[in-house]
Amino acid sequence: MTRQFELKELIRSDNFIDGQWRAAADDARFAVTDPATGTVIAQVADSSPADARAATDAAARALPAWRDLLPKERATILHKWNALILANQHALGALISLEQGKPLAEGRGEVAYGASYVAWFADEATRIYGDIIPQQQRGKRMTAVKEPIGVVAAITPWNFPLAMIARKIAPALAAGCTVVAKPAEDTPLTASALVLLAHEAGVPAGVLNLITASRDHAVATVADWLEDSRVRKITFTGSTPVGKYLARESARTLKKLSLELGGNAPFIVFNDADLDAAVGGLLAAKFRNGGQTCVCPNRVYVQAGVYDKFADMLSRRVAELKVAPATDPDAQIGPMINIRALDKIARHVDDALAHGARVLAGGKRLPELGPHYYAPTVLADATHEMLLCGEETFGPVVPLFRFDDEAEAVEAANNTPFGLASYFYSQDVRRIDRVSRALQAGIVGINEGALASEAAPFGGVKESGYGREGSKYGLDDYLSIKYLCQGNLA
Ligand code: ADP
């Protein structure tokens, strides 16, 4: 039977190193709080470089045996892990909502989404093919085989506390790598619960190690991995400045990197769009997790012929969204993660208003609910001088920009250093072909706002990073190719 845990059994406050729960080497701790209320949920290990080193030691020791398992043996363990995650969907979903703030339905949805990567990569483990290279010389055989890259360090953000780490650990383990991981300081508890279930599923000691650290300790702790030549790969999801820092600092030991960084997603609505579909797609893409995802539309470009109608249809729907703590079953938007996030949203909206934007919905904090709540907002007459055009707002704010022709919209959409997700709505087949080729982004939603799937390659171009998560391409980031040349055969 697949074991079901109570929520309180899933809450762990220590590091998990070499198959054991251990306090930080110097016994330090930091508080994890519920963003809805500010209540302390747990005091978790605040790691230092000694803990990072112990995790790497364990992962390096465990590597040979894990790498040498048959792929289907690793797959069996990953499938058990997937089954355990799904069996504990409610408790894990509640834990996500508790530490991250997203509504319960979204928390549970994230569990299923994260588990889908575990199941996907369990299957992919058994499909790591190489090549027999057509013979070039008599008496010589050439083959290419794929091998696990080695110890992988995974560093993850707070917005999807389960899915982000699952979609790094699962391919790493499937490929035969061992892992050291550090979740975000705001949301370490879900990651610890996930690791507990991996252990329960039979992931051997040392194969998966997790350390937690406060923001103050994170830099020095992760620096130990950056310097350690046994760590062969960094997989990171987070902000572009931190991604660049990791790339720079890991250059001394020339690690392979996968970087899923910030976006500034454009969402274009052409005159020929199905407006009902466009409004529905925008609501789905924008307000998931209260606007705190890296694929959330940040700039909405609407063609002049439908601008007023679209603005009206959208703002009516946005005004109806229910803002409430995650525990309210009707909640559609929960609290933002922390006060810094709130302050950034308010700064963007205030700046937009100072530059001539008009509020069609929301536009204010909701102190009656708590300090971390912001009303879902629609702003008309957005322009490129506004802060919210150049930076990701990461909150429930939709700025509407007006445009006249296609070339202008594409140019504006691409006028950013970022290139993660993009979206457009049109019913003209030729335009669909032109615009999907012209958009500089790793992901393009065409008449669709919900893009996430474990079967699809997720990742960016430009300063949104490199590497792909999910899909048949996702394992490549954790493998290196070895060329075998055998001579003297004839
Ligand atoms: P966000 O703005 O979403 O918090 P960050 O890029 O700041 O994104 O953080 C993402 C992850 O990177 C978190 O786990 C955080 O602790 C970690 N992190 C942030 N700064 C550093 C750093 N200088 N070195 C190592 N890890 C870092």
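Provided above is the structure to which this section pertains.
Only a predicted model underlies this, so the values are computations on that prediction, with no experimental measurement involved. (Residues numbered from 1 in each chain as written. Predicted model: local features only at pLDDT ≥ 70, side-chain atom pairs only at ≥ 80, totals over all residues. Heavy atoms only, no water.)

Colleague: Lay out the site of the ligand in plain terms, naming residues and giving numbers.
Modeller: Around the ligand, the surrounding shell holds 15 residues, and the nearest of these are Thr156, Lys182, Glu185, Arg215 and Ser239. One of the side-chain N or O atoms of Lys182 is found 2.9 Å from an oxygen atom in the ligand. Contact distances for the ligand include 2.6 Å between an oxygen atom and a side-chain N or O atom of Arg215. Compared with its free state, where it exposes 550 Å², the ligand has 86% of that area covered by protein. Given that more than half its atoms are within 2 Å of the pocket grid, the ligand belongs to the largest pocket. Mapped by element, the contributors of at least two residues to the shell around the ligand are α8 (215–227) and α9 (240–249). By residue number, the principal contributor to the shell around the ligand is α8, which donates three residues. Taken together, the residues that form the shell around the ligand break down as nine nonpolar, three polar and three charged. (Near = heavy atom within 4 Å. Polar contact = N/O pair within 3.5 Å; in protein donor to acceptor, adjacent residues only side chain to side chain. Areas by Shrake-Rupley, 256 points an atom, 1.4 Å probe, with all protein chains shown as cover. 1 Å grid on protein atoms, 1.4 Å probe; cavity = no way out; pocket = protein on both sides within 12 Å on 5 of 7 lines; lining within 4 Å. Sits in = over half its atoms within 2 Å of the grid points. Helix = DSSP H or I, 4+ residues; strand = E, 2+ residues; numbered from the N terminus. Nonpolar A, V, L, I, M, F, W, Y, C, P; charged D, E, K, R; others polar.)

Colleague: Let's hear about empty space enclosed by the protein: which residues, and what values?
Modeller: The final tally for this structure, using the stated rule, is three cavities of 30 Å³ or more. Here the largest cavity is characterised by a volume of approximately 70 Å³. Lining the largest cavity we find 15 residues, and of these Pro266, Ala413, Phe418, Ala421 and Gln440 sit closest to its centre. Those elements that provide at least two residues to the lining of the largest cavity are β12 (265–269), α14 (406–414) and β17 (421–425). (Points joined across faces, edges and corners; volume = space filled by probe spheres on them.)

Colleague: Break down the sheet that holds β12 for me, citing the residues and quoting the values.
Modeller: Strand order in the open sheet made by the seven strands is β14-β15-β16-β13-β12-β17-β18, with mixed pairing throughout. Among the strands making up the open sheet, the edge pair consists of β14 (358–361) and β18 (443–446). Each strand of the sheet is rotated relative to its neighbour by a mean of 25 degrees, with strand direction disregarded. Bridging between β12 and β17 involves three bridges; their strand directions are parallel. Its bridge partner being in β17, Val269 is matched across the sheet by Tyr425. In the packing of helix α15 (residues 429–438) onto the sheet, the strands contacted are β13 (297–303), β17 and β18, and the crossing angle to β17 comes to about 165 degrees. (Pairing = 2+ DSSP bridges. Axes fitted to C-alpha atoms, helices over the stretch in contact; angles between N-to-C directions. Contact = heavy atoms within 4.5 Å.)

Colleague: Help me get a handle on the side chain of Thr293, residues and values and all.
Modeller: Inspection of the secondary structure puts Thr293 in the loop between α10 (275–287) and β13. A polar atom in the side chain of Thr293 sits 3.2 Å from the backbone nitrogen of Val295. Sequence-distant contacts of Thr293, that is, excluding residues within four places in its chain, are made with Asn159, Phe160, Arg288, Glu392 and Phe394.

Colleague: Please provide a residue-by-residue account of the nonpolar core, values included.
Modeller: Within the largest apolar cluster, 69 residues are counted, with the highest numbers of intra-cluster contacts made by Ile268, Val269, Phe310, Leu314 and Leu400. With seven residues, the top contributor of residues to this core is α10. In this view, Leu400 contacts Val300, Val302, Tyr307, Phe310, Ala311, Leu314, Leu360, Val378, Leu379, Ala380, Asp381 and Ala382; residues no more than four positions away in its chain are not counted. In this structure, Phe5, Ile169, Ala191 and Leu210 belong to the second largest nonpolar core, which totals 61 residues. (Core = buried A, V, L, I, M, F, W, Y, C linked by side-chain atoms within 4.5 Å. Buried < 20%, exposed > 50% of the residue type's maximum accessible area, 1.4 Å probe, protein only.)

Colleague: How would you sum up the packing of aromatic side chains? Please name residues and give values.
Modeller: Under the definition given, this model contains eight aromatic pairs. Seen in terms of ring centroids, Tyr113 and Tyr117 are 5.2 Å apart; in terms of plane orientation they differ by 85 degrees. Their pairing is edge-to-face. Remark: Tyr117 and Tyr113 occur in helix α5 (residues 104–124); sequence separation between them is four residues, near one turn of the helix. Of the two residues, Tyr113 and Tyr117, neither departs from the other in class, the shared state being buried. A centroid spacing of 5.5 Å and a plane angle of 35 degrees characterise the contact between Phe267 and Tyr423, whose relative ring orientation is tilted. (Phe/Tyr/Trp six-rings, centres within 6.5 Å; stacked < 30°, edge-to-face > 60°.)

Colleague: Run through the sheet that holds strand β5 (residues 131–133), naming residues and quoting values.
Modeller: Taken together, the three strands give an open sheet; going across it, the order is β5-β6-β20, and neighbouring strands pair in antiparallel fashion. Because the sheet does not close on itself, it has two edges, and the strands there are β5 and β20 (479–486). On average, each strand axis in the sheet is inclined to that of its neighbour by 25 degrees, with strand direction left out of account.

Colleague: Outline the pairing of strand β16 (residues 397–403), listing residues and values.
Modeller: Taking burial as the measure, the seven residues of β16 include six buried ones, the bulk of the element. Where β13 lies against β16, four bridges are found, and the strand directions are parallel. Paired with Tyr301 across the two strands is Phe401, which belongs to β16. Relative to β16, strand β15 (residues 377–380) runs parallel, the two sharing three bridges. Bridge pairing links Leu379 to Pro399 in β16.

Colleague: Account for the pattern of salt bridges, with residues named and values stated.
Modeller: By the definition in use, this model includes 27 salt bridges. For Asp18, the salt bridge goes to Arg61, with nearest N and O atoms at 2.9 Å. Of this pair, Asp18 sits in the loop between β1 (15–17) and β2 (20–22) while Arg61 is found in helix α2 (residues 49–67), placing the two residues 43 residues apart along the sequence. Look at Arg61 and you get exposed, because its relative accessible area is 55%. One salt bridge in this structure joins Lys244 and Glu463, with 2.8 Å as the shortest N-O distance. One end of the pair, Lys244, is in helix α9; the other, Glu463, is in the loop between β18 and β19 (465–466), with 219 residues separating them in the sequence. Residues participating in the shared-partner salt-bridge network are Asp272, Glu406, Arg431 and Arg434. (Salt bridge = Lys/Arg side-chain N within 4 Å of Asp/Glu carboxyl O.)

Colleague: Describe a negative patch on the surface, listing the residues and the values that go with them.
Modeller: Judged by side-chain charge, Asp404, Asp405, Glu408 and Glu411 come together as a negatively charged surface patch. Structurally, the position occupied by Glu408 is in helix α14. (Patch = residues over 30% accessible without salt bridge, like charges linked within 9 Å, V, L, I, M, F, W, Y side chains within 5 Å. Lys, Arg positive; Asp, Glu negative; His and termini not counted. Charge placed at Lys NZ, Arg CZ, Asp CG, Glu CD.)

Colleague: Kindly report on the layout of surface pockets, identifying the contributing residues and their values.
Modeller: Roughly 1,100 Å³ of internal volume is contained in the largest pocket. What lines the largest pocket is a set of 40 residues, and nearest its centre among them are Trp158, Arg215, Gly238, Ser239 and Val242. Contributions of two or more residues to the lining of the largest pocket are made by α8, β10 (231–237), α9 and α12 (339–354). When grouped by side-chain class, the residues that make up the lining of the largest pocket number 19 nonpolar, eleven polar and ten charged. Approximately 380 Å³ is the volume attributed to the second largest pocket. Along the wall of the second largest pocket there are 23 residues; nearest its centre are Arg288, Val295, Leu451, Ala452 and Phe458. At the level of elements, α5, α6 (163–175) and α10 are the ones that each hand at least two residues to the lining of the second largest pocket. Of the residues that constitute the lining of the second largest pocket, the class distribution is 16 nonpolar, five polar and two charged.

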